[in-house]
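Chain by chain, the residues run as shown.
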Amino acid sequence: MARVVLTNRLPDEAVELLVGAGHEVDGWEGAEAPSREDVLARVAGADAVVTMVTDKVDDSFLDAAGEQLRVVANVAVGYDNIDVAACRERGVVATNTPGVLVDATADTAFALVLMATRRLGEGERLIRSGQPWKWGMDFLLGMGLQGKVFGLVGPGAIGIATARRAKAFGMEIVYQGRSPMKPGAEAELGARRVDLPELLATADVVSLHCPLIPQGQPDSTYHLIDADALATMRGSAYLVNSARGPIVDEAALVEALRDGVIAGAGLDVFEDEPRVHPGLLELENVVLLPHLGSATVETRTAMATLAVRNVLGVLGGDGPLNPLGG
Ligand code: DGY
């Protein structure tokens, strides 16, 4: 029997898989996410830990867990919260949950596109504020999407799924990525691969779907969208970020939105979550969501179940389904 620690609540279906396999499950019953101190105390002596994007798996986490730790299974496709090299050095397998959150996250990304370009957040806030309003020819006009250019940064599964939605709305697709799209996707979307400067200069909507690669690493995406990048975007363009907050320099984005360098933005992620730059809160031309990309019952159940299957694969000796770091 192995000891499996869950740093946050998991759907019953996922917990039952662990219990059914005969493992001791140390679950989290708190209504809110546990503090770092709670997590470090609870992981001590664990053979497996199921982590969330909010858990930093670094040397202090691995030290707190102890040498018996065999697997860290992240309930997320992004794994910038995990020091994969540190895990590997200690013989700890790290895993993620690709594939199962593609449509949910693409739906959220495209919801942000619609909310930002059609000023839906502004309209909703106006009604809730109790201020008087009436229909008018030029009241809260936004930008139509048909015939506009969708600029996809990061043509992985979620990026492609979002571009598919954009195409269904009549948009033309350009994309930038380290590698071309998977075979068939470019033709299906009628997409054209361009470099980042061309994408920024031509897109009406720039949508970010690349992983966060920290500063100093090859192909780092930290602050990929900084003041200089924003300055090269069209004044009428919108930026959507449903990937990771630090890909955008939030302070520079506040300035760009305030000064009309770009028309608007939609954000599901922030540089220092859950903190949101106070400048963003004052602006009407930005839509703000609290990291809801994969937040559907079906998707979270699939993510948790996949993470647990990764744990069972390692503990049972079959190996993980989704190992990180090659
Ligand atoms: C992910 O899977 O990376 C998401 O951000 C978690 O919701």
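Values in this document were obtained by computation on a predicted structure and should not be read as measured data.

A. Fine view of the side chain of His209. Structurally, His209 is set in the loop between strand S9 (205–208) and helix H10 (227–231). Looking at His209, the relative accessible area reads 13%, which means it is buried. Among the polar contacts listed, one links the side chain of His209 to the side chain of Ser207, at a separation of 2.7 Å. When residues no more than four places from it in sequence are discounted, the contact partners of His209 are Ala109, Leu152, Val153, Gly154, Ile158, Gly159, Thr162, Ser242 and Ala243.

B. Structural view of the packing of helix H5 (residues 102–117) against helix H7 (residues 157–168). Closest axis-to-axis distance for the H5/H7 pair is 8 Å, and the angle between their directions is 50°. Classed by the angle they form, the pair H5 and H7 counts as oblique. As for the relative orientation of H5 and H7, their crossing is right-handed in sense. Touching Val102, Asp103, Thr105, Ala106, Asp107, Ala109 and Phe110 of H5 are Ala157, Ile158, Ala161, Thr162, Arg165 and Ala166, all from H7. Here the residues of the contact of H5 with H7 are counted per class, giving eight nonpolar, two polar and three charged.

C. Focus on helix H11 (residues 250–258). Regarding H11, the residues found buried are Glu250, Ala252, Leu253, Val254, Ala256 and Leu257. Considering only its buried residues, H11 is in contact with H10, strand S10 (238–241), strand S11 (264–267), helix H12 (278–281) and strand S12 (286–288). Capping the start of H11, Asp249 holds a side-chain oxygen 3.2 Å from the backbone nitrogen of Ala251, two or three residues further along. Directly beyond the C-terminal end of H11, a positive phi value near 75° is found at Gly260.

D. Structural view of the pattern of salt bridges. Tallied over the entire structure, the rule returns 17 salt bridges. Where Glu122 meets Arg119, a salt bridge forms, and the shortest distance between an N and an O atom there is 3.0 Å. Its relative accessible area of 26% is what places Arg119 among the partly exposed residues. Via salt bridges that share partners, Arg3, Glu24, Asp26 and Arg42 belong to a single interconnected network.

E. Main features of the environment of Val4. Position of Val4 relative to the elements: it lies in strand S1 (residues 3–6). Residue contacts for Val4: discarding those within four places in its chain leaves Leu18, His23, Glu24, Val25, Asp26, Ala48, Val50, Val311 and Leu315.

F. Here's a closer look at the domain arrangement of the chain. When cut into domains, the chain gives domain 1 (3–100 + 296–316) and domain 2 (102–288). In this structure, domain 1 and domain 2 have C-alpha centres spaced 31 Å apart. Facing eight residues of domain 1, the contacting portion of domain 2 comprises five residues. At the boundary of domain 1 with domain 2, total buried surface from both sides reaches about 460 Å², with 58% on carbon and sulfur atoms. Considering only the surface of domain 1 that becomes buried against domain 2, Asp80, Gly99 and Thr299 emerge as the three largest contributors, covering 62% of it. Taken together, the links from domain 1 to domain 2 amount to one salt bridge. One salt bridge connects Arg244 with Asp80, and the closest N-O pair in it is separated by 2.8 Å. Applying the counting criterion to the domain 1 and domain 2 interface returns one residue pair in polar contact (both at pLDDT 80 or more).

G. Up close: the sheet that holds strand S4 (residues 71–74). Taken together, the five strands give an open sheet; going across it, the order is S2-S1-S3-S4-S5, and neighbouring strands pair in parallel fashion. Edge positions in the open sheet fall to strand S2 (24–26) and strand S5 (93–95), since each of these has one partner strand only. Along the sheet, successive strands turn relative to each other by an average axial angle of 15°, direction set aside. Packed on one face of the sheet, helix H2 (residues 36–43) meets S1, S2 and strand S3 (48–51) and runs near 170° to S1.

Cut-offs and rules
Within each chain, residue numbers correspond to sequence positions counted from 1 in written order. Since the coordinates come from a predicted model, pLDDT governs what is reported: local features require at least 70, and pairs of side-chain atoms require 80 or more to be given and counted, while whole-chain, interface and lining totals use all residues. Side-chain numbers come from the whole structure's heavy atoms, not from hydrogens or water. To qualify as a helix, a DSSP run of H or I must reach at least 4 residues; to qualify as a strand, a run of E must reach at least 2; elements of each kind are numbered from the N terminus. Think of it in three bands: with a 1.4 Å probe and only protein chains considered, a residue is buried below 20% of the maximum accessible area for its type, exposed above 50%, and partly exposed in between. We call two N or O atoms a polar contact when they sit within 3.5 Å, provided that within protein one can donate a hydrogen and the other can accept it, with sequence-adjacent residues counted only if both atoms are side-chain atoms. For this analysis, residues touch if any pair of their heavy atoms sits within 4.5 Å. Axis definition: a line fitted to C-alpha atoms, over the contacting stretch in the case of helices. Angles run 0 to 180 degrees between N-to-C directions. Roughly parallel refers to an angle under 35 degrees, roughly antiparallel to one over 145, roughly perpendicular to one between 65 and 115, and oblique to any angle outside these ranges. Handedness of a crossing is defined here by the sense of rotation of the near helix relative to the far one, left-handed for an anticlockwise turn of less than a right angle and right-handed for a clockwise turn. Classification convention: Asp, Glu, Lys, Arg as charged; Ala, Val, Leu, Ile, Met, Phe, Trp, Tyr, Cys, Pro as nonpolar; all other residues, Gly among them, as polar. Any carboxyl oxygen of Asp or Glu within 4 Å of a side-chain nitrogen of Lys or Arg constitutes a salt bridge here. As used throughout, domain bounds are those supplied by an automatic or database domain assignment. Accessible surface is computed with a 1.4 Å probe, and the buried area is the amount of it that two parts give up when combined, taken over both parts together. Pairing between strands is defined by DSSP: at least two bridges between them are needed.

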